[in-house]
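Reading the structure
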Amino acid sequence: MNGKTLSEKILSAHVESGEVKAGDLVEARVDFAFGNDITAPIAIKIFKETGARRVFDPYRIALIPDHFTPNKDIASANQVKILRDFAREQGLPYFFEVGRVGIEHALLPEQGLVLPGDVIIGADSHTCTYGALGAFATGVGSTDLAAAMITGKVWFRVPETIKFIFKGTLKPWVSGKDLILYTIGQIGVDGARYRAMEFTGEVIEKLPMADRFTICNMAIEAGAKTGLITPDSITKEFVKPRAQRPYKFYSPDENANYERVFEWDISELEPLVAFPHLPENVRPVTEAKNIKIDQVVIGSCTNGRLEDLRMAAKILKGKKVHPRVRCLIFPATPEIYKQAMEEGLFKIFVDAEATVSPPTCGPCLGGHMGILAKGERALATTNRNFVGRMGDPKSEVYLSNPAVAAASAILGRIAHPDEVLD
Amino acid sequence: MKIQGKAWVFGDDIDTDAIIPARYLNTHDERILAEHCMEDADPDFSRKINNGDIIIAGKNFGCGSSREHAPIAIKACGVSCVIAESFARIFYRNAFNMGLPILESPEAAREVKSGDILEIDLSSGKIHNKTSGKTYQASPIPAFMRELVQAGGLIPYIKSKMEESFND
C-alpha cells in the first residue's frame with residue numbers, strides 16, 4: 001500500500017473517515033478561516049442571507065482589513081465597516097484595526113493563529129503561505145468562506161502532489177524568492193494546477209522561516225492548491241513561543257505517492273527577475289540589467305518580513321535611491337514595523353530617501369499607496385506582474401527578491417546586488 | 001438547459017486582474033463590477049456584449065486572486081457561460097459556487113472564432129457552433145459538482161444542511 005503525502009496526512013486527520021487519498025472529494029473540518037476587506041464583505045452578506053445566526057467558533061475566524069487600509073476612500077471605508085460591525089455582532093476577537101493590522105499572511109503566523117497540522121481556508125489566494133508551517137492551507141472565494149464560517153467545514157478534492165527536491169548550496173543574494181521563481185519558470189503558471197507542491201531537500205531544510213513562507217506563498221502562482229514544507233526544528237522555534245492553540249507536526253510517508261518529482265541542484269542559481277506579464281517569465285538578473293525603472297516596492301505577503309527588510313537595509317545603507325526612482329518599503333505587520341524601527345532600519349531607509357509605509361497590501365494589487373502611471377515600470381518584491389497589476393494597464397511590473405530590488409532602487413535600473421556593494 | 005450566444009475569444013492565462021482589476025474592488029456592487037468586466041483584456045468588452053454571450057479562452061482562465069468578484073462581474077455583465085481549455089482552481093470553484101456555468105473543451109477553445117454563434121447544452125456538455133457547423137463535447141462536470149449545481153449552488157446546499165440540523 002502506498003503511503004501518504006503531507007496533504008493526505010493532514011486531511012486524513014480532518015475527515016470523519018480518518019482516511020483520504022488523492023482524488024477523493026471530502027468534507028474536512030476547518031481549524032481556521034478568514035477573509036479580508038475585499039473578500040469578507042461578500043462572505044458576510046452571504047452569511048446573513050442564509051439566515052445563520054452565529055459563526056461556528058469565534059476563535060477560529062479572523063477578519064483582516066489589509067488591502068485598502070488605512071482606508072483610501074469612502075467605498076473602502078464602507079467595506080471595512082462591514083467587517084468591523086460583523087466582528088462586534090459576533091464577538092470575534094480577531095478583527096484587526098489599523099495600528100494592529102498587518103498583511104494577513106504575515107500577521108496570522110506571527111500571532112500564532114495558524115499552526116502546523118491545521119486545515120486553513122482563507123478568502124485570499126495567497127493563503128497557501130501557511131504550508132510553510134506544515135499546514136494544509138488554501139485560498140477560496142467568499143461563498144466558501146461564508147459556508148465555513150457557518151459550518152466549520154469545507155469540501156475539497158484531495159490534491160495529487162508534485163514533489164520538488166532542492167539540492168546544493170545557495171549563492172550569495174539567492175533566496176527563497178529565487179527558488180520559487182525558478183520553480184514557476186520551470187513548470188509554468190499552470191504547472192501545478194489543482195496540485196499540492198511539497199518543497200523538500202537539503203536547501204529547504206536549512207532555510208529560515210521567512211524564506212519558507214515566501215516559497216509557499218507563491219505556490220498559487222504555479223496554479224497550485226497549496227505548497228507545503230515538512231515542519232522541523234526551525235518551524236518549532238518559530239511556532240512554539242507564538243502558538244495560541246495546540247498543534248501537530250505531520251510528515252509525509254517515505255513511500256508516499258507523488259504524481260511527479262523534480263530534483264534540482266541550485267548551486268549555480270543566480271538571483272532571478274520575472275518579466276511582465278507572468279511570474280513564469282523568469283530570467284537571471286544578469287540578463288535584465290538595461291531595464292530602467294520608475295518605482296521599487298519592497299514588501300507584501302511575499303517579501304515584507306523582517307529578514308526581507310534587513311536585506312534591503314544592508315544594501316541601501318549609506319546609499320541614495322536613484323533620483324529618478326521612488327522606493328517604497330512596506331513592513332508587513334506592526335511587530336515587524338516596530339522591530340525594524342528598533343533595529344534602525346528605518347533610519348537607513350529614510351537616509352537613502354526611500355519611504356516607509358504603514359502595513360498594507362497597498363500597491364501590490366494596484367490598490368493604493370504607490371500606483372503606476374501609464375508607461376511606468378516597477379521592480380517589486382511582490383508576487384504578480386499581470387497586466388495592470390500595480391496601476392495603469394500600460395504599466396509594467398518586474399518581480400525579484402529584496403536584495404535585487406534595493407540594488408535596483410540605487411542604480412535606477414534592474415541590477416545585481418554585487419553592483420552596488422563596495 | 002440550453003444557452004445560445006455570440007462567442008468572444010480571449011487568450012491563455014487570463015488572470016483575475018484582467019477579469020476585474022483590483023482598482024474596482026473597493027465595492028462589491030454587481031453593476032459597477034459588470035461595467036469593468038474584462039477591462040484590462042478588452043477595454044470595451046462590457047459595452048460590446050449582449051446578454052447571453054459566451055467567453056472563450058485558452059488555458060488557465062481565472063488564474064491569480066481568489067476574488068469572487070471575477071465570476072460575479074462576468075455573470076452580471078450578461079455572459080452566460082465561459083468555455084476554456086482549462087480553468088485555474090479557485091476560479092473554477094467560485095464559478096460553481098456562484099452558479100456561473102463553465103465548461104472545459106480544448107477543441108472548442110482552439111477552434112471557435114470571435115463572433116461565432118454557439119449553442120450549448122449544459123446538461124450534456126455539448127457545444128454546437130452554429131456558424132461553423134461543428135459540435136464539441138466538453139468534459140463532463142464531476143458528479144459532486146453536479147450535486148452542488150442541482151442544489152442551486154453552495155449556499156442553498158448549506159441552507160438545506162442547516163434545516164436538517166434544526167430538525168434533528
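This write-up is about the structure you can find in this document. Being a predicted model, the structure only gives us computed values, none of them experimental. (Residues numbered from 1 in each chain as written. Chains lettered and ligands numbered in written order. Predicted model: local features only at pLDDT ≥ 70, side-chain atom pairs only at ≥ 80, totals over all residues. Heavy atoms only, no water.)

Here we come to the interface of chain B and chain A. Listed per partner, the contact involves 39 residues of chain B and 51 residues of chain A. Between chain B and chain A, the buried area comes to about 3800 Å², and carbon and sulfur atoms account for 60% of it. Considering only the side of chain B, the residues that lose the most area to chain A are Asn 26, Arg 89 and Arg 93 of chain B, jointly responsible for 21% of the buried surface there. The tally of links between chain B and chain A comes to 3 salt bridges. Lys 59 of chain B is paired through a salt bridge with Asp 190 of chain A; the nearest N and O atoms lie 3.5 Å apart. Counting the contacts that link chain B with chain A gives 20 residue pairs in polar contact (both at pLDDT 80 or more). Of all the elements, helix α5 (residues 89–98) of chain B adds the most residues to the side of chain B that touches chain A, at 7 residues. Looking at the side of chain B that touches chain A residue by residue, the class counts come to 16 nonpolar, 11 polar and 12 charged. (Contact = heavy atoms within 4.5 Å. Buried area = accessible area lost by both parts, 1.4 Å probe. Salt bridge = Lys/Arg side-chain N within 4 Å of Asp/Glu carboxyl O. Polar contact = N/O pair within 3.5 Å; in protein donor to acceptor, adjacent residues only side chain to side chain. Helix = DSSP H or I, 4+ residues; strand = E, 2+ residues; numbered from the N terminus. Nonpolar A, V, L, I, M, F, W, Y, C, P; charged D, E, K, R; others polar.)

This part covers the pairing of strand β1 (residues 25–29) of chain A. All names here are of chain A. Because side chains alternate across β1, one face comprises the buried residues Val 26 and Ala 28, and the other comprises Leu 25, Glu 27 and Arg 29, none of which is buried. Note: β1 against strand β7 (residues 153–157), 5 bridges, orientation antiparallel. Within β7, the residue paired with Ala 28 across the bridge is Val 154. (Buried < 20%, exposed > 50% of the residue type's maximum accessible area, 1.4 Å probe, protein only. Pairing = 2+ DSSP bridges.)

For the rest of this paragraph, the subject is the nonpolar core. Phe 349 of chain A together with Phe 45, Phe 61, Ile 74, Ile 83 and Phe 91 of chain B are the most contacted members of the largest nonpolar core, which has 146 residues in total. For this core, the leading source of residues is helix α14 (residues 402–411) of chain A, giving 7 residues. The residue makeup of this core includes at least three contributed by each of domain 1 (6–246 + 257–263) and domain 2 (272–419) of chain A. In this structure, Phe 349 of chain A is in contact with Leu 309, Ala 312, Ala 313, Leu 316, Ile 329, Ala 354 and Val 356 of chain A, ignoring residues within four places of it in sequence. By size, the runner-up hydrophobic cluster in this structure holds 67 residues, among which are Ala 132, Leu 179 and Leu 272 of chain A together with Cys 63 of chain B. (Core = buried A, V, L, I, M, F, W, Y, C linked by side-chain atoms within 4.5 Å. Domains from an automatic or database assignment.)

Now for the pattern of salt bridges. Throughout the structure, instances matching the rule amount to 39 salt bridges over all chains. For the salt bridge of Arg 212 of chain A with Asp 232 of chain A, the shortest nitrogen-to-oxygen distance reads 2.8 Å. A residue pair is termed long-range when its members are at least 10 positions apart, and Arg 212 of chain A in helix α8 (residues 209–217) and Asp 232 of chain A in the loop between β10 (226–228) and α9 (233–239) qualify at 20 residues. Here Lys 134 of chain B makes a salt bridge to Glu 111 of chain B, at a shortest N to O gap of 2.8 Å. Highlighted residues: Lys 134 of chain B in the loop between β6 (126–129) and β7 (135–137) and Glu 111 of chain B in helix α6 (residues 106–111), separated in sequence by 23 residues. Residue Lys 134 of chain B is classed as partly exposed on the basis of its relative accessible area, which comes to 41%. Under the relative-accessibility criterion, Glu 111 of chain B is labelled partly exposed at 30%. Each of the salt bridges in this network shares a partner with another, and the network as a whole consists of Arg 29, Asp 31, Asp 57 and Arg 60 of chain A.

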